[in-house]
Amino acid sequence: MPEYESGTEYIAHHLGFLKYGQKADGSWGIAHTMEEANAMGFWSIHLDSMFMSLLLGVIFMGVFYFVSRKATSGIPGGLQNAVEFIVEMVQTTVKSTFFARNELIGPLALTIFCWIFMMNLMDLVPVDWIPLTAAFIAQDSHLYFKAVPTTDLNITAGFAISVFFLIIFFSIKIKGFGGFLGEFAFHPFGKWALPLNLIMEVPSFLAKPVSLALRLYGNLFAGEMIFMVIALVGLFQLPLHFAWAVFHILIITLQAYLFMMLTIVYLNQAHTEPEAH
Amino acid sequence: MNLNATVIGQSIAFAVFVWFCLKYVWPPITAALAERQKKIADGLEAADRAQRDLNLAQNKAADELREAKVKSAEIIDMANKRASQIVDEAKDKARDEGQRLMAGAQAEIEMEVQRAREVLRAQVAAIAISGAEKILEASVDQAANEELVKKLASEL
């Protein structure tokens, strides 16, 4: 643990992003203080989240691409076996949950599961390792660097919004624009209760991406926060850290799986007509 | 914590990765999986078929064996019959041959006896004549007594 005046400051520093955007004085650059960061508007970007996200994505895609290039139907090697295990798990989940035909769903689910899992996995790396490495490389001991992309709401929202647009796209593609709107208007109580239907259906529809993004973000943010608190307790942090990490393995896998599963379920709903009332 | 352009960057990255996965990762791996599944199914089916074929072949072999046994028993029967037939035939033949030989020998013996009798007769005639000559001390007209001597000889 580097030198900090208080635990609060340590945690606060860990919560800061490496943020690039327009500062209050109009110049563009990286924010060095929380105030500077908060003053930046929408057109700013978290370099640390994006970097880790892309790095992990490239690693995951690289491994899978490497395996897929040499994929054989003969006896698979260790890596191919592992990759096939994941692909088969995703494929089985898709088959049992998604009943329409859509070539996109499998790869989409696989990407979501693996990528989110990789990001979540960064949570198990001791909290200071990656930020300190980044600070060392940048030669800036006060560098803000957040190692776990899924503790950034922007990243989880990026997933959720993409899924949300896919839901809308496929709903309109399968049911037509009228059919898509009709789901809000004439469901669940029939056409005579149109206002009530709208009041019930529109929020529940809009809640899908919000709940997707917040669920993942909340779980991982809380998990990381506990790692940080554990990191503050001195020598006793080792057994505590280990215990929480073991428990966290479950959480990160579950959250990645849940995100994938809900995506499949939502897209399945987009592909099927609601039962008539 | 507020949303900023990171969300857009992440969405773009997500779209690119999904596209990449759709294009280059998913198809070959699922194809390999499906192919292996098919291979295994084929293998199992082949094993089943082989087992069935084996059973069939075993049944067939047992049938053939049984049939062969029956046939061989028949052949042995026939051979036995044929053998006894041959032996009987041989016996008959031997008997016939023996009888024929015996008959031949008998005939020869009779002939021999006949001949001996002739010779004896002739000699007896000669002896009788010479005896008579001696008794009579006179020469007898052989030609005149030929008839008498022959008659005497035939009575022997």
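Figured I'd write up the structure that's included with this text.

Some words on the pairing of strand S1 (residues 19–22) of chain A
All names here are of chain A. Of the pairings in the sheet, the one linking S1 to strand S3 (residues 45–46) comprises two bridges and is antiparallel in character. Opposite Tyr-20, over in S3, you have Ile-45 as the bridge partner. With three bridges joining them, S1 and strand S2 (residues 28–30) adopt antiparallel strand pairing. By the bridge assignment, Tyr-20 is partnered in S2 with Ile-30. Between S1 and S2, which pair antiparallel in sequence order, lie five residues; one of them, Gly-26, sits at a positive phi of approximately 95°.

Points about the packing of helix H5 (residues 105–121) of chain A against helix H9 (residues 237–271) of chain A
Residue and element names in this part refer to chain A. At a closest axis distance of 8 Å, the pairing of H5 and H9 adopts a crossing angle of 155°. By the angle between their directions, the pair H5 and H9 is classed as roughly antiparallel. H9 is crossed by H5, and the crossing has right-handed handedness. For the pair H5 and H9, contact is made by Ile-105, Leu-108, Ala-109, Ile-112, Phe-113, Ile-116, Phe-117, Asn-120 and Leu-121 and by Ile-252, Thr-253, Gln-255, Ala-256, Tyr-257, Phe-259, Met-260, Thr-263, Ile-264 and Leu-267, respectively. Broken down by class, the residue content of the contact of H5 with H9 amounts to 15 nonpolar, four polar and no charged.

Details of the pattern of salt bridges
Under the criterion given, the structure shown has eleven salt bridges over all chains. Here A:Lys175 ties to A:Glu183 by a salt bridge, and the two come within 2.4 Å at their closest N and O atoms. Neither residue differs from the other here; A:Lys175 and A:Glu183 are each classed as buried. Notably, a salt bridge pairs B:Glu45 with B:Arg49, separated by 3.7 Å at the nearest N-O pair. Residue B:Glu45 and its partner B:Arg49 are located together in helix H1 (residues 6–136), separated by four residues, close to a single helical turn. A relative accessible area of 41% places B:Arg49 in the partly exposed class.

Overview of the sheet that holds S2(A)
Spatially, the three strands line up as an open sheet ordered S2-S1-S3 (chain A), and their pairing is antiparallel. Of all strands in the sheet, those bounded by a partner on one side alone are S2 and S3 of chain A.

The rules behind these values
- Along each chain, the written sequence defines residue order, and numbers are assigned to residues from 1.
- Here chains are named by letter from A upward and ligands by number from 1 upward, in the order in which they appear as written.
- For this predicted model, a pLDDT threshold of at least 70 governs which residues receive local features, and a threshold of 80 or more governs which side-chain atom pairs are given and counted, while totals over whole chains, interfaces and linings are taken from all residues.
- As a convention, hydrogens and water are excluded, and side-chain values are obtained from all of the structure's heavy atoms.
- Two strands pair if DSSP finds at least two bridges between them.
- Working definition: helices are DSSP H or I runs of at least four residues, strands are E runs of at least two. Numbering for both runs from the N terminus.
- Orientation is described by axes fitted as lines to C-alpha atoms, over the contacting stretch for helices, and by angles from 0 to 180 degrees between their N-to-C directions.
- Oblique is the label for any angle not covered by the other classes, which are roughly parallel (under 35 degrees), roughly antiparallel (over 145) and roughly perpendicular (65 to 115).
- Handedness of a helix crossing follows the sense of rotation of the near helix relative to the far helix, less than a right angle counterclockwise being left-handed and clockwise being right-handed.
- Note on definitions: a residue-residue contact is assigned when non-hydrogen atoms from the two residues lie within 4.5 Å.
- Residues are sorted three ways: Asp, Glu, Lys and Arg are charged, Ala, Val, Leu, Ile, Met, Phe, Trp, Tyr, Cys and Pro are nonpolar, and all the rest, Gly among them, are polar.
- One side-chain nitrogen of Lys or Arg within 4 Å of one carboxyl oxygen of Asp or Glu is enough to make a salt bridge.
- The classification of residues rests on relative accessible area computed with a 1.4 Å probe and restricted to protein chains. Under 20% of the type maximum is buried, over 50% is exposed, and intermediate values are partly exposed.

By themselves, these figures tell us nothing about what the structure is for.
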